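Tertiary structure, described
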Amino acid sequence: MSVSVIIPTWNEAGCLADTIRALRRQGPLEVLVADGGSTDATRQAAVEADCFLEAPRGRGSQMNAGAAQARGDVLLFLHADCTLEDGALAEAERLLRRCGVAAGCFTMTVNARGLLYRWIDAAASARVRLAGLIYGDQGLFLRRQLFEHLGGFPPLRLMEDVFFSRRLARCGRLVMARRRIWVSPRRWQRAGIVRQTLRNWTLLTLAVAGVHPDRLAELYPAVR
């Protein structure tokens, strides 16, 4: 199996080059950057990517555009501020060969010290195991054939990952790899750990209750 890594970006010049460089060590088939109209040096930072394409802004639209250009058997959607532990791509391939597995993600570790961050890590793992909900910063991976069958991510401004993972759960098991994905702490550091966590829970609860994610997007400011 071959892996195409798709990275949606918007003003990610500060971290993108390091993310791509770390990926290269694991030998993916290709790295595609799907940009949503960056005004900084994101294009220059993506010089080591195999493909840089422009798409309407919004992670769902950008990731769909990247997937449409991908050639791999496996699609891995990775945020620009996240880094995979060595061996992660190989483990994703092994897990997708198992019978009944629809998709998976990696074990999230916020790249910062502190007990509150470890609590966030544990809560993210529990969310996947108990509720079958994968957030984008956990590194969603699945077979390209299934992605195309489901029609890709829904055209939402927020929580496209949550709604897509709910659809995936109807197609088979969602698994969590042992290999870690290191997540930038920038959003928690900017908003405050407790405040950001409560915001995430509130938005998820409102979405599940029926509030359209596009309305909720106004309550989730971009952090760069």
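Refer to the structure presented above.
As the structure is a computational prediction, the values presented were derived from the model and not from experiment.

1. Let's talk about the packing of aromatic side chains
Enumeration over the complete set of coordinates arrives at six aromatic pairs. When the ring of Phe147 is compared with that of Phe164, the centres are 5.6 Å apart and the planes differ by 70°; the resulting orientation is edge-to-face. In this pair, Phe147 is assigned in helix α6 (residues 144-150) and Phe164 in helix α7 (residues 160-169), connecting sequence segments 17 residues apart. Exposure class is identical for Phe147 and Phe164. Each is buried.

2. So, helix α3 (residues 59-69)
Taken together, the buried positions of α3 are occupied by Gly60, Gln62, Met63, Gly66 and Ala67. The arc that holds every buried residue of α3, seen down its axis, measures 165°, which confines them to one face.

3. Some thoughts on the state of the cysteines
By definition, a disulfide links the sulfur atoms of two cysteines through a covalent bond. Scanning the entire structure with this criterion turns up zero disulfides. No disulfide involves Cys15; its sulfur sits 8.6 Å from that of Cys82, the nearest cysteine. Judged by its relative accessible area of 18%, Cys15 falls in the buried class. Not engaged in a disulfide, the cysteine Cys171 finds its nearest cysteine sulfur in Cys99; these two sulfurs lie 14 Å apart.

4. Some thoughts on the sheet that holds strand β1 (residues 3-9)
Pairing is mixed across the open sheet formed by eight strands, whose spatial order is β3-β2-β1-β4-β7-β6-β8-β5. Two strands in the sheet have a free side with no partner beyond their single neighbour: β3 (51-54) and β5 (82-84). The sheet shows a mean angle of 30° between the axes of neighbouring strands, taken without regard to direction. Where β1 and strand β4 (residues 74-77) come together, four bridges link them in parallel fashion. By the bridge assignment, Ser4 is partnered in β4 with Leu75. The strands that α7 touches are β6 (101-110), β7 (140-143) and β8 (173-183); relative to β7, the one it contacts most, it runs at about 40°.

5. Quick look at the environment of Thr19
Mapping Thr19 onto the fold places it in helix α1 (residues 16-24). Through-space distance from the C-alpha of Thr19 to that of Ile7 is 9.5 Å; in sequence the pair is twelve residues apart. For Thr19, the contacting residues outside a window of four places in its chain are Ile7, Leu78, His79, Ala80 and Cys82.

6. Remarks on a nonpolar patch on the surface
A grouping of Trp119, Leu198 and Trp201 is seen on the molecular surface, where their side chains present a nonpolar patch of about 340 Å² in accessible area. Assignment of secondary structure puts Trp201 in helix α9 (residues 193-209). Among the residues examined, Trp201 registers a relative accessible area of 43% and is labelled partly exposed.

7. Considerations on the nonpolar core
By size, the foremost hydrophobic cluster in this structure holds 38 residues, and its most contacted members are Ile7, Leu84 and Phe106. Ranked by residues supplied to this core, first place goes to helix α4 (residues 88-96) with five residues. In contact with Phe106, other than residues within four places in its own chain, are Leu76, Leu84, Ala88, Ala92, Gln138, Gly139, Phe141, Met176, Ala177, Arg179, Arg180 and Ile181. In this structure, Ala67, Leu75, Phe77 and Phe153 belong to the second largest nonpolar core, which totals 22 residues.

Scoring rules and cut-offs
- Residues numbered from 1 in each chain as written.
- Predicted model: local features only at pLDDT ≥ 70, side-chain atom pairs only at ≥ 80, totals over all residues.
- Heavy atoms only, no water.
- Phe/Tyr/Trp six-rings, centres within 6.5 Å; stacked < 30°, edge-to-face > 60°.
- Helix = DSSP H or I, 4+ residues; strand = E, 2+ residues; numbered from the N terminus.
- Buried < 20%, exposed > 50% of the residue type's maximum accessible area, 1.4 Å probe, protein only.
- Arc of directions from axis to C-beta.
- Disulfide = S-S within 2.5 Å.
- Pairing = 2+ DSSP bridges.
- Axes fitted to C-alpha atoms, helices over the stretch in contact; angles between N-to-C directions.
- Contact = heavy atoms within 4.5 Å.
- Patch = residues over 30% accessible without salt bridge, like charges linked within 9 Å, V, L, I, M, F, W, Y side chains within 5 Å.
- Areas by Shrake-Rupley, 256 points an atom, 1.4 Å probe, with all protein chains shown as cover.
- Salt bridge = Lys/Arg side-chain N within 4 Å of Asp/Glu carboxyl O.
- Core = buried A, V, L, I, M, F, W, Y, C linked by side-chain atoms within 4.5 Å.

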